Number of protein chains: 2
Amino acid sequence: MQVPVEQKVLSENQRVASGLRSALEASGTLSLNFIGSPGAGKTAFLERTLEMLPKGTRAAVLTGDLQTENDAIRLGRYGYPVRQITTVGACHLDARMVEKHLEGWDPEGLDLLFIENVGNLVCPTSYDLGEDAKVVVLSVAEGEDKPLKYPGIFRKAELMILNKIDLLPYVPFKAELAREYARRIHPEIEIIETSAITGAGYSQWLGWMAARAEKKRASTAPIMESIQAV
Amino acid sequence: MQVPVEQKVLSENQRVASGLRSALEASGTLSLNFIGSPGAGKTAFLERTLEMLPKGTRAAVLTGDLQTENDAIRLGRYGYPVRQITTVGACHLDARMVEKHLEGWDPEGLDLLFIENVGNLVCPTSYDLGEDAKVVVLSVAEGEDKPLKYPGIFRKAELMILNKIDLLPYVPFKAELAREYARRIHPEIEIIETSAITGAGYSQWLGWMAARAEKKRASTAPIMESIQAV
């Protein structure tokens, strides 16, 4: 649906997102926006990530869903602040929702902000949330041609998490083909294979975050070194 | 995003959908609109269905995606007419797309019309395509709380296909809980468990289609009896 109203909404979103980006820049917070199908395993991926973060890391999570507080409850068990954003029908988060749910949190106090978007490979793609990078999560229980079918998000994501690789022996998914398709859409995309069940790929993923944080201002670096040392 | 423009779009869609419904009613065609996440297994489910239809069934498929003709190629191998609808960015099919892609097909000649929607649990929910019933496809590789998180489609679907049950031994999915959540949202929803790999559930599914067709005009009934006899 291409209508002028959508353009207005996106331009207003961009204004709010730019403000968010400046604030997160000033505080040296690395902010990541996770996008994937419903059931791609975004929440379990973040649970395992929180579990593996070195003590003292100042992380927080915003988790979006149309309905329920289920994910905030799951993610809240790891000792980090978590807030649920309930969109009540909207198929994506927008910058205003993020801004509103960050209220009262001291941005100066955050090294990492994880934003788990609504499960959807289309709608969240157009909405900048002020993040440093979009991360697309694809499960091996889906089809390997998803990058070709939903090119928008694979083009915009810096990193693809190829998730649930513990299921590879039981599904007809060809990982090599998925990587090839992702790179056909976005030649520079980085790819990490993970399983929240076995823990495979998580040290590579923590290393990726540390390297990504180095692109941010120097004040963030010491915190990230502690992650890299895991 | 609740805007008056969306209301106009939906009301125009409803007008076209009503026309489609009348045409399909007149021809005694049972039309089903399949909705599920990317990777829920909709295409494989339809492939197996086409494979199992009794010879002589007059079936056709419209399959929607943002990009690629992949699904039309996969579904075209079973001897039934298949057309791809490429939405080029839109996260759902609409009635106008269906109408346009039915052009040149003789509706009188169809017993069954399968419409595979774009992979998405949100956007396709609001768009009537003139179908007799919506069918939601949920894979056991997703979370069992999807009916609570995406209640709209579970409320509107007559049938839930709980798919990929061959993976149950390898995933933490609790099927009983998924059924309970689906019925909490929609007490009358019917549920069939299937696997395109093992073929489990397909005779029950063909039986469901036959029963559903009996609600349609008498002229459709003889064809459906042949399905029921499989």
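Residues numbered from 1 in each chain as written. Chains lettered and ligands numbered in written order. Predicted model: local features only at pLDDT ≥ 70, side-chain atom pairs only at ≥ 80, totals over all residues. Heavy atoms only, no water.

A. Representation of the nonpolar core within the structure. Of all hydrophobic cores here, the largest spans 94 residues; its most connected members are Leu113 and Met160 of chain A together with Leu113 and Met160 of chain B. Residues in contact with Leu113 of chain A, not counting those within four places in the same chain, are Leu24, Thr29, Leu30, Ser31, Leu32, Ala60, Leu62, Leu102 and Trp105 of chain A. By size, the runner-up hydrophobic cluster in this structure holds 29 residues, among which are Leu112, Phe114, Leu159 and Tyr202 of chain A. (Core = buried A, V, L, I, M, F, W, Y, C linked by side-chain atoms within 4.5 Å. Buried < 20%, exposed > 50% of the residue type's maximum accessible area, 1.4 Å probe, protein only. Contact = heavy atoms within 4.5 Å.)

B. Main features of the pattern of salt bridges. Going through the model one piece at a time under the given rule, you end up with 34 salt bridges over all chains. Here Glu193 of chain B and Arg179 of chain B are joined by a salt bridge, their closest N and O atoms 2.1 Å apart. Here Glu193 of chain B is found in strand β7 (residues 190-193), whereas its partner Arg179 of chain B is found in helix α7 (residues 175-185), with 14 residues between them in sequence. Look at Arg179 of chain B and you get buried, because its relative accessible area is 18%. The network of salt bridges with shared partners includes Asp145, Lys146 and Lys149 of chain A together with Glu47, Asp65, Asp71, Arg74 and Arg77 of chain B. (Salt bridge = Lys/Arg side-chain N within 4 Å of Asp/Glu carboxyl O. Helix = DSSP H or I, 4+ residues; strand = E, 2+ residues; numbered from the N terminus.)

C. Local environment of the interface of chain A and chain B. The interface is formed by 39 residues belonging to chain A together with 40 residues belonging to chain B. Across the chain A to chain B interface the summed buried area is about 2900 Å²; carbon plus sulfur atoms make up 65%. Between the two partners, chain A and chain B, sit four salt bridges. Between Lys149 of chain B and Asp65 of chain A there is a salt bridge, with its nearest N and O atoms 3.8 Å apart. Secondary-structure elements contributing two or more residues to the side of chain A that touches chain B are α1 (4-27), α3 (70-75) and α5 (146-149) of chain A. Here the side of chain A that touches chain B is built from residues that sort into 22 nonpolar, nine polar and eight charged. (Buried area = accessible area lost by both parts, 1.4 Å probe. Nonpolar A, V, L, I, M, F, W, Y, C, P; charged D, E, K, R; others polar.)

D. Looking closely at the pairing of strand β4 (residues 112-116) of chain B. Residues and elements named next belong to chain B. A large share of β4 lies buried, amounting to five of its five residues. The sheet contact formed by strand β2 (residues 59-65) and β4 spans five bridges and is parallel. Counterpart to Leu62 in the pairing with β4 is Ile115. (Pairing = 2+ DSSP bridges.)

E. Focus on the confidence of the model for chain A. With 92% of its residues at a pLDDT of 70 or more, chain A has an overall mean of 92. Complex prediction metrics read pTM 0.91 and ipTM 0.89. (pLDDT = per-residue confidence, 0-100.)

F. Seen up close, the pairing of strand β6 (residues 159-163) of chain A. Residue and element names in this part refer to chain A. Most of β6 sits out of view: five of its five residues are buried. Taken together, the five bridges between strand β5 (residues 133-139) and β6 define a ladder with parallel strand orientation. Looking across to β6, one finds that Ser139 is bridged to Asn163. The pairing of β6 with strand β7 (residues 190-193) spans four bridges and is classified as parallel. Paired with Leu159 across the strands is Glu190, a residue of β7.

G. Region of interest: the packing of α1 of chain A against helix α4 (residues 95-102) of chain A. Residue and element names in this part refer to chain A. At a closest axis distance of 8 Å, the pairing of α1 and α4 adopts a crossing angle of 35°. Of the residues in α4, those touching α1 at Glu12, Asn13, Arg15, Val16, Ala17 and Leu20 are Ala95, Arg96, Val98, Glu99 and Leu102. Among the residues forming the contact of α1 with α4, the class breakdown is six nonpolar, one polar and four charged. (Axes fitted to C-alpha atoms, helices over the stretch in contact; angles between N-to-C directions.)

H. Structural detail: the state of the cysteines. Residues and elements named next belong to chain A. Counted according to the given criterion, the structure contains two disulfides over all chains. Through a disulfide, Cys91 is tied to Cys123; the S-S separation comes to 2.5 Å. Measuring the twist about the S-S bond at about -100°, one finds the Cys91-Cys123 disulfide to be left-handed. Pair noted here: Cys91 is in the loop between β3 (82-86) and α4 and Cys123 is in the loop between β4 (112-116) and β5, with a separation of 32 residues, a long-range link. Like Cys91, the residue Cys123 is buried in the burial classification. (Disulfide = S-S within 2.5 Å.)

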